[in-house]
Every structure is written in C-alpha cells, then in structure tokens.
Amino acid sequence: QVQLVESGGGLVQTGGSLRLSCAASRSISSLATMGWYRQAPGKPRDLVAFITSTGITNYADSAKGRFAISTDNRDNTVYLQMNSLKPEDTAIYFCHANVWTGSRFLSSWGPGTQVTISS
C-alpha cells in the first residue's frame, strides 16, 4: 500500500484559489490512479478529480474549468489547483490512490485537509 498526507487546505474568500498537495510514501508512477475526493458535512464523499499513471485526467462536473490535477513524479506528489472557489466547495478534501497488486486494486486514503470558502 501507500501512505498519503494532504496539505494546503485553509480558509479563503469566494473567488480565491488554493493548491492542495498530497505526498505519497512511494513512487507515484507505480500507482494506477491518484485522485481527490471531498466530503461536506452530512454528505457522501464525492470524486473531485483523478489522474491515471498514463496522465489521463477526469473531473467532476463541479470541478471542470476551475480545478486542475497534476503530479510531480520527482517529489511523489499530486496537486489539486483550485481556482474561482465557491462556498459550496467547502469540504474536507481527501487524497486517494489505487495500487494494482497484480490481481486486484488496493485503495489508500489520506487523513484529509479542510477547505473552507467564505462568502
């Protein structure tokens, strides 16, 4: 498996930007996918964006045009650049990784980082 630690959350005003980082304990080029999910109070955890080991990205409709996921293989880090933030983006953001074992995927989660957008 892989250990993940998020950072970069905080409090910003509507329209502001944040960049979240997720540091992995192993080479991210060996991971099948890495992604970001978020969970607001009383709501399920939803996908925000993910990126595959081949660089294919996918975004939730709410993130398209505002968020960008990227990786730095030298630092084993995945980023989520978030622009034009809205109060409805307020949530705990979790980093996620899928590791292919050869027979199945193993899922790993970070502890999360709080993002709060003030109106």
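All of the points below concern the structure found in this document. (Residues numbered from 1 in each chain as written. Predicted model: local features only at pLDDT ≥ 70, side-chain atom pairs only at ≥ 80, totals over all residues. Heavy atoms only, no water.)

Some thoughts on the state of the cysteines
1) Next: According to the stated counting rule, one finds 1 disulfide in the structure shown.
2) Next: The partner cysteine of Cys22 in its disulfide is Cys95, sulfur to sulfur 2.1 Å. Measuring handedness by torsion sign, the sulfur bridge of Cys22 and Cys95 sits at about -85° and is left-handed. On the criterion of sequence distance, the pair formed by Cys22 in strand 3 (residues 18–24) and Cys95 in strand 9 (residues 91–100) is long-range, its members being 73 residues apart.
3) Next: Look at Cys95 and you get buried, because its relative accessible area is 0%. (Disulfide = S-S within 2.5 Å. Helix = DSSP H or I, 4+ residues; strand = E, 2+ residues; numbered from the N terminus. Buried < 20%, exposed > 50% of the residue type's maximum accessible area, 1.4 Å probe, protein only.)

A word on the pattern of salt bridges
1) Next: Applying the stated criterion across every chain, the model contains 4 salt bridges.
2) Next: Between Asp89 and Arg38 there is a salt bridge, and its shortest N-O distance comes to 2.9 Å. Here Arg38 lies in strand 4 (residues 33–39) and Asp89 lies in the loop between strand 8 (77–82) and strand 9, a separation of 51 residues in the sequence. Neither residue differs from the other here; Asp89 and Arg38 are each classed as buried.
3) Next: The partner of Asp61 in a salt bridge is Lys64, and the shortest N-O contact between them spans 3.1 Å.
4) Next: Several salt bridges share partner residues, and in doing so they unite Arg38, Arg66 and Asp89 into one network. (Salt bridge = Lys/Arg side-chain N within 4 Å of Asp/Glu carboxyl O.)

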